[in-house]
Each structure stands twice: as C-alpha cells, then as structure tokens.
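A look at the structure
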Amino acid sequence: MYIKFGSLKFHFMSIKSKIISGYSIALGVAFAGTSLGFAIGNYYQNKAQQEQQIASYENRLLSALQLDVLYNRPAKQLAPYLQDPEVFRKESSALLKRLQNIQELLAKHNNSGKPATLEDLQTFLEDYEVTVEEFKQRATTFQKTVQPLTQKLEGLETAQQLLINLVKSPEFVAFIEAPDLMGEFYQLVIQREIDAEQALNDAQFLRTQIIVFSFGLSGGVALILALYNSHAIAKPLQTVTNVAQLVTRDSNFNLQVPVQTNDEVGVLATSLNQLIGRVKELMTEKQAYIMQLEQAKETAHAANQAKSDFLANMSHELRTPLNGILGYAQILEHSETMSEEENKGIDIIKQCGLHLLKLINDILDLSKIEARKLDLLVKEFHFPSFLQGVAEICRIRAEQKGINFYYYPNQNLPTGIRADEKRLQQVLINLLSNGIKFTDIGSVTFTVTAQKLSDGHHLHFEVKDTGVGMTPEQQQKIFLPFEQVGDRTKKIEGTGLGLAISQKIVKLMDSQLEVRSELGKGSTFCFDLEVPEAREWAIVSRTVKQGTILGYQGKKYHVLVVDDRWENRSLVVSLLKVLGFEMSEAKNGKEALEKILVFLPDVVITDLMMPVMNGYEFLKYIRSSEKLKDVVAIASSASVFDSHQQEAIDAGADVFLPKPIQTDKLLQILQQYLDLEWVYEQKTTASAQVTEVRKSEEIVSPAMKVLQELLTLVEDGDIQGVVEVAEELLASDVAFTPFAQEILQLANSFQLKQLKTFIKAHIPHHKI
C-alpha cells in the first residue's frame, strides 16, 4: 500500500477504506481534544470544590462548639443548689457531662483528618482543648469535695467559698472567655466559606470555557481533516461527473475521462469511457433505425388513412340502402293492408336493419376514437336521477331474462356533476347489458360510491355479475375490438365492440376500465372518475329555446311526487320547487293517499312499480274519487313497452312520461295540462332587437364549418351524427331553431336526398 501522507492521497486504498481512515483520524482528534478539555476543567473544579467543602465543614463544627460553650458558660449557677445535696449532685454531674461533650467535639474537630486552613484557629482549638480538660479536672475535684459538705448545715459556708474559688480560677476564666474568641474566628470561617463558594463558581465557569474551547478547537481540526479527506475522494469523482455532464449536454461522444486512481472511482472512469464508446456506436445504429422508423410511420399513416377512407365509404354505401330499408319498414309497419305474417316479416326486417345500424354506429364510434375525432361534451346534470334512469333501463332487461338486478347507490352521491352524460350513460349501459347477457342464473349488481374532494368528487362504478366468467387468457383480450367470450350462443347477440368502445371512452375521461373474473363464477367490471361538482344543474335543466325559465304566472300549483327512489323524487322536487311550485313527496301509493287527502295537489307524478301499493292501484283510486277527479295524473316509468304505457293510461293517467325523465318534456306537459304561462329571464334591449330582426328572417344558417360538417355526415349516411349536430344548434341559439327543426324532420324521416339538397342550399358556393 502506497500512502503519501503530505497530501493524503491513498491511491491503492478503496473509497470505503479512505473514508473510514480519514473520519477515524478526525473523530480521534475530536475525542482526544474534548477529553483533555474535560480533564483540565474537572481538575480546577474539584480543587475549588474541595476547598469549599473544608470551609463549610469548619463552619459547622465551630458553630456547634460555640453553642455548647455558651450553654455551659454560667458555671456559678450551681450556687442555688448547695442547699439541696441531691439537686446539687445532679446539676454538678450534668455540668461534667457537658464538659465531656465539649471535649468530644474538640477531639472530633482535631482528629477529623481535615486540618483547619486558619492556623490561628487551629492553635486556639488545641489550646482550648487543654483548658477544658483542666477545668473539667478542677470541676470534678470541686464536686467530690463539696458533695459531703452539703450534707451538713455547717459545711455550706465552706462549700460556697470553694465555689467562689472555682469561679475565680484561671481555668474557669479561660473557659468563659473562649466563646468571645470563637465568635471572631466564626466570622473568619464564614468569610472563608464565602470565598470558597466564589472560587468554586469561578472554577466551574473556567471549566466550561476550557471544555467549549477544546471542543471547538478539536472539532475544527477534525472538520478540516474530514474535508481534506473528502476532497481527496471527491476530486476524481467530480472529474468523472463533469465529463458525464458534457457528454449528456453536448452529445459529444469523443470525450474520455482521465483515470487518476485505482479505486472504485478509477473503475467507474474506465467503465464510463467504455460506455461512451458503446453509446457512440449505438448512435450510429440509431440514425439508421430512425430512417427505417420514419418509412414505417409513413407506411402506417397511409394504411390508417386508407382504413379511414374505407370506413367512411363503407358507412356511406351501407347507410344509403339501410336508410331506405328502415324507412320503408317503418312505413309498412303502420299499413292496415298487411297480414299478420307480413307484419312479422316487416318486424324481422326492421330488427335486422337496426342491428346492422348499431354495428355501423359502433364501428364509426370506434373509428372516431382511434382517429381522435371524438370529443367529450361536458355539461351539468342531476347525477342521482341519471344513475336511477340507467338502473331502471337495465332492471327491465334483467327482469325479462328472469335474473335479479340490484342497484346500490352511495348516500354521499353529489346532486349535480359536470361530465359527458351521453358517453357516461353509454359506458354504464354497455357494462350492465354485458353482465345481463352473460348471466343466466343469479344476479347483476350495480354499485356506485362517492368520495368528496376539495374541487369535486371521486366516483367509483362497479358492475358485478354471477355469469359465465372468464379465464385469465380471455381477460387479456376482452377489451379488443370484435372479441367476445363465453357461450357461443351469446356471441351472436352483440357486435363485440361494446367493451372496446367503453374502454376507450373511459380512457378519454382519464380513467381505466378494469375487470376481475373467475370462470364459472362471474365477472366484475369497475372504473373511477374524478368529476367537478355542478351547482347550477337545475338552471341548465330549465333552459329551453325561449331562454331560462324563472317561474310561471298565476296561482301556485301543488305537485305530489310519488316514487320509491329518492333520486327520482329529488330531481323533480329540485327542478319544480325553484320555479314556484309547492312540492310534496311520497314513497309509495299508500303514503301518497294519506298526503293527497290532506294537500289536495293539482298534479301527481307517480312511478308505476312501487312496494306496498303500486302506481296502477294508486291511479285507479284517484280516478274513483269524486274529490280528485280533476287532478292531473302523470305516470312515469322506465318501461319501453307500449303495453305498460297503455295500462297506465287505462288506470287513470293523463299522460305517460318515460324515464329517465327529460326535463323539457316534463315542463311541456305541465304547460299543456295546467295552461301555464312561463316567465323567462329578461334579455337586454340589444338582444331583443336582434331577436326581432331574426324573426323577420325565414331561416338563419349556422357557420360554414357546421354546414360542411352536416354535409359530410349526410354523405356518409351518419343520421345519428346529423341529429346530434342539430340538437347542439337548438341548445346554442334560438335563432337556429327553424334550421335545426328542418334538419331533424328530414333526418328522422330518412329523407337523405332532400336533406342533402336543403344543406347545400345554405352553402354559398352550392347555390344556383
């Protein structure tokens, strides 16, 4: 191993070893410097703390000694007890005992192993110990001598003289003068303790300064060592990084990294040089591949254009005879000269034509999506009733097949949302119809949940069936066009495009249609959407050709809505309440009967299929009551069968309103049966003037772009597309109403030739 200490370049060490050795040295310096600072600081602190402890100890001993001496100072107080021998014996013995305590305290002070720092105090205490011993001996001799004298009356005088001699003795004088000297020494000891306390504080402050300084110094040295070592590692690595950035930024693959070390950085530099050389080779190959790719792209574009042209031509060629077939089938269907067998044949022709029309429409929808020509038309609508309408349509199909249908909406569903209502309905009906088609026993379950977001709602749609199910291999193909799985007899019922179109529409909505399935046990389709909340859906719903309806003139009318689904009731109540109607609700016919006798409503809007009492029974009761004979009864159901509609009329309904409820149709019925005069939103004077000018014109044409689009759709035979454009014109501006109505009339009657002539007549360069 070669090491050059002056520059810390360890060429033959790995980066890991360099880092470990460099930081070990840095940590060692930091630890050693900090430890030295702690040791020096602790030395000064301990020394000052020891001095403070000695001074405090002296203070406590001297204070205790002074108290004991002061307590024994008046030895002459024994005089009053000379008259009573027994008391004299006790008091004199107590005096001797206290002297013994003083001796023990002095001995404890002198023999404690902690000599006094005040030399004068030490000398005084040693001398005073001798004085106490001598006074104790004299007091003991006095006690032994005086005790017998107190037994006799004539000996009291002698005892008093001996007590006077004891008090006047030099030992007693020295004993009673000692406390005064102790007081002086006590003041010195207190001052010494104060000085020791200050010295301890200074030592602690000095210790802190030493530790901080040593820590900072050692940390700085360690940091310098660490940075220096890191630089020795980072410098060659930075060289590699710079070259890599230059190669990436400038695409200069002629650069090479100088190999400066034999460690991992050196290996990395060598590998990078090899990589740059390999990329240079690949770039050369890439240029040739790009040229091939461009040629393939042009070929694919030409093939895609050919496919689009083929689909457009095929649509035109198929729709032209198909429109004639369906048109004459509808005409012959109402002919009174046809026999029953002929009517069956006409019905077969009509059904086959409609199936073929659906296939063509699906192919065109798929083609539009793939060509990115299908745009989502976002609008505001009432979400719960929208879902209920979808569920009711599919519930009827399930009941016809004899399987159960369950719909579970979440209680937190938003009232209104902004989305493409038509395309969302198309996806949901496709998924539900698919589940019903492939389920012979069991059920189909439709579940919708919602979660509130800061700027809208997160919706989760799930369709679960107990049908034939799929294998994992089939699940991989289920979303491909013209792919169908399951029973062969089921495949002929559809086109195989429903799921493919649904998946593409869901992707346009920034989501993904997912499937979980098990062969023989059923399938589950689900997807999620994030949609903004719509708060003005009711205003949009009551906007008609003449403008936005604000209310009506005349007396207030009372409307009773009877439906077991709160979603359906919510739509009607929310819409009509803002227009000034008084609203009531009932969940079934029985509850409606209780309310109708109390409120006597003017209009009843009732569902037909309800628990407890259905709509048919409820309608019959209304018509049998003399009091309710003038009530306008509107029957509403998702049934598409004419027989069900006729049964509702026979039961007493004035009119039938299909579900999902179209608000313009509902408003039209109310206007007709209640003879209402709507109040519209006032327009500005300029708008009114423009309207008057437009009324004077026979037909106002839309923009040239719209006319060209309509002409292309007619030439392609796309009647559905023509109807959609005409409906958009009706909603956009009342001025286009005559033009759009003429378009709708010709399109719905399949008069393609007249329709084409009418559109060309409004295009300037086509006019004669």
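Above this note sits the structure.
First, a word on what this report is: a plain description of the structure on this page. Just so we're clear, the structure is a prediction, and the values are computed from it rather than from any experiment. (Residues numbered from 1 in each chain as written. Predicted model: local features only at pLDDT ≥ 70, side-chain atom pairs only at ≥ 80, totals over all residues. Heavy atoms only, no water.)

Before going further, it helps to spend a moment on the sheet that holds strand E7 (residues 522-531). Sheet architecture is open: five strands sit in the order E2-E4-E5-E7-E6, paired in mixed fashion. One side of each edge strand has no neighbouring strand; the edge strands of this open sheet are strand E2 (404-409) and strand E6 (514-518). Averaged over neighbouring strand pairs, the angle between their axes works out to 10° when direction is ignored. Two strands pair when backbone bridges link them, and strand E4 (residues 443-453) and strand E5 (residues 456-465) are joined in this way by 10 bridges, in the antiparallel orientation. Each residue of the ladder has a partner; that of lysine 452, found in E5, is histidine 457. (Pairing = 2+ DSSP bridges. Helix = DSSP H or I, 4+ residues; strand = E, 2+ residues; numbered from the N terminus. Axes fitted to C-alpha atoms, helices over the stretch in contact; angles between N-to-C directions.)

Packed helices, taken two at a time, are described by the angle between their axes plus the distance between the axes. For the pair helix H8 (residues 383-401) and helix H9 (residues 421-437), the least separation of the axes is 10 Å and the interaxial angle reads 25°. Taken together, the axes of H8 and H9 lie roughly parallel to each other. Our pair here, H8 against H9, has a crossing hand that is right-handed. Facing H8, whose interface residues are Phe383, Phe386, Leu387, Val390, Ile393, Cys394, Arg397, Ala398 and Lys401, H9 presents Glu421, Leu424, Gln425, Leu428, Ile429, Leu432, Ser433, Ile436 and Lys437. (Parallel < 35°, antiparallel > 145°, perpendicular 65-115°, else oblique. Left-handed = near helix turned anticlockwise from the far one by under 90°. Contact = heavy atoms within 4.5 Å.)

The next thing to look at is the pairing of E6. Judged by which residues are buried, E6 turns out to be one-sided: Val515 and Ser517 face inward and are buried, whereas Glu514, Arg516 and Glu518, on the alternate face, are not. Summarising the sheet, E6 and E7 pair through five bridges and their orientation is antiparallel. Residue pairing across strands places valine 515 opposite phenylalanine 525, the latter belonging to E7. The antiparallel hairpin formed by E6 and E7 contains three residues in its connecting segment, where glycine 520 sits at a positive phi of about 85°. (Buried < 20%, exposed > 50% of the residue type's maximum accessible area, 1.4 Å probe, protein only.)

On to the environment of glycine 266. Secondary-structure assignment places glycine 266 in helix H6 (residues 264-333). Residue class for glycine 266 comes out buried when judged on its relative accessible area of 5%. With 26 residues separating them along the chain, glycine 266 and valine 240 place their C-alpha atoms 9.1 Å apart.

With a phi angle near 65°, valine 612 is a residue other than glycine that sits in the positive phi range. A positive phi angle is found at aspartate 675, which is not glycine, with a value near 55°. Within the secondary structure, aspartate 675 is located in the loop between helix H18 (663-674) and strand E15 (678-680).

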